[in-house]
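Here is what each chain is made of, one letter per residue.
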Amino acid sequence: MKRVWFAFGFIILSVLLCVYEQGYVKNTCEEMASILVEAQAAEETKNDRARDEKIKELQDYWKRKNDFLFMFSEHGGLDELGGAIRSLERAHNMRSEIEETRNKVVVYYENERITLANIF
């Protein structure tokens, strides 16, 4: 009977870890998307200083969060997203680069979300 309770405990622990991971990924993606929307709004109003501040804020946020995300997620998508975030400050067409980075955040979240389509 001990083995059953031991197995049950590990199942509960796994479920709790999965719920935590999903919340962490969701909150991180929402925050990155929010910063990118603000950067895009600054770009549209030709406010280069505010745009550059938002890009710097996003890059700092990414530096704080990426190591933890790499523990949970498939690395290819994160590498692509990280490359897009790091290249924002060197972009020639800033509007399209911000939009592309925002789309990569959405794609990353859609791929990491637990759904039946992602499981099977």
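Residues numbered from 1 in each chain as written. Predicted model: local features only at pLDDT ≥ 70, side-chain atom pairs only at ≥ 80, totals over all residues. Heavy atoms only, no water.

Before going further, it helps to spend a moment on the overall build of the protein chain. The secondary structure content of the protein chain amounts to five helices and zero strands. In sequence order, the secondary structure elements of the protein chain are arranged as α-α-α-α-α. Its C-alpha radius of gyration of 18 Å places the protein chain more than 25% over the 14 Å reference for a compact globule of 120 residues. For the protein chain, the spread of C-alpha atoms along the principal axes amounts to about 65 × 25 × 20 Å. Sorting the 120 residues of the protein chain into buried and exposed places 29% on the buried side. (Helix = DSSP H or I, 4+ residues; strand = E, 2+ residues; numbered from the N terminus. Rg over C-alpha atoms; globule rule 2.2 N^0.38 Å. Buried < 20%, exposed > 50% of the residue type's maximum accessible area, 1.4 Å probe, protein only.)

Assignment of secondary structure puts threonine 28 in helix α1 (residues 2-44). Setting aside anything within four residues of it in sequence, one finds threonine 28 in contact with Tyr61, Lys65 and Leu69. (Contact = heavy atoms within 4.5 Å.)

With that out of the way, let us pick up the packing of aromatic side chains. Taken as a whole and assessed by the stated rule, the structure comprises six aromatic pairs. The interplanar angle of 90 degrees and the centroid separation of 4.7 Å between the aromatic rings of phenylalanine 6 and phenylalanine 10 together place this pair among those described as edge-to-face. In this pair, phenylalanine 6 and phenylalanine 10 are both assigned in helix α1, four residues apart and thus about one turn of the helix distant. A residue is classified by how much of its surface remains accessible, and phenylalanine 6, at 56% relative accessible area, is exposed. On the numbers, 6.3 Å between centres and 80 degrees between planes, the contact of tyrosine 20 with phenylalanine 68 is edge-to-face. Here tyrosine 20, found in helix α1, pairs with phenylalanine 68, found in helix α2 (residues 48-72); they are 48 residues apart in sequence, far enough to count as distant. Taken together, the ring pairs connect Tyr20, Tyr24, Phe68 and Phe72 into an aromatic cluster. (Phe/Tyr/Trp six-rings, centres within 6.5 Å; stacked < 30°, edge-to-face > 60°.)

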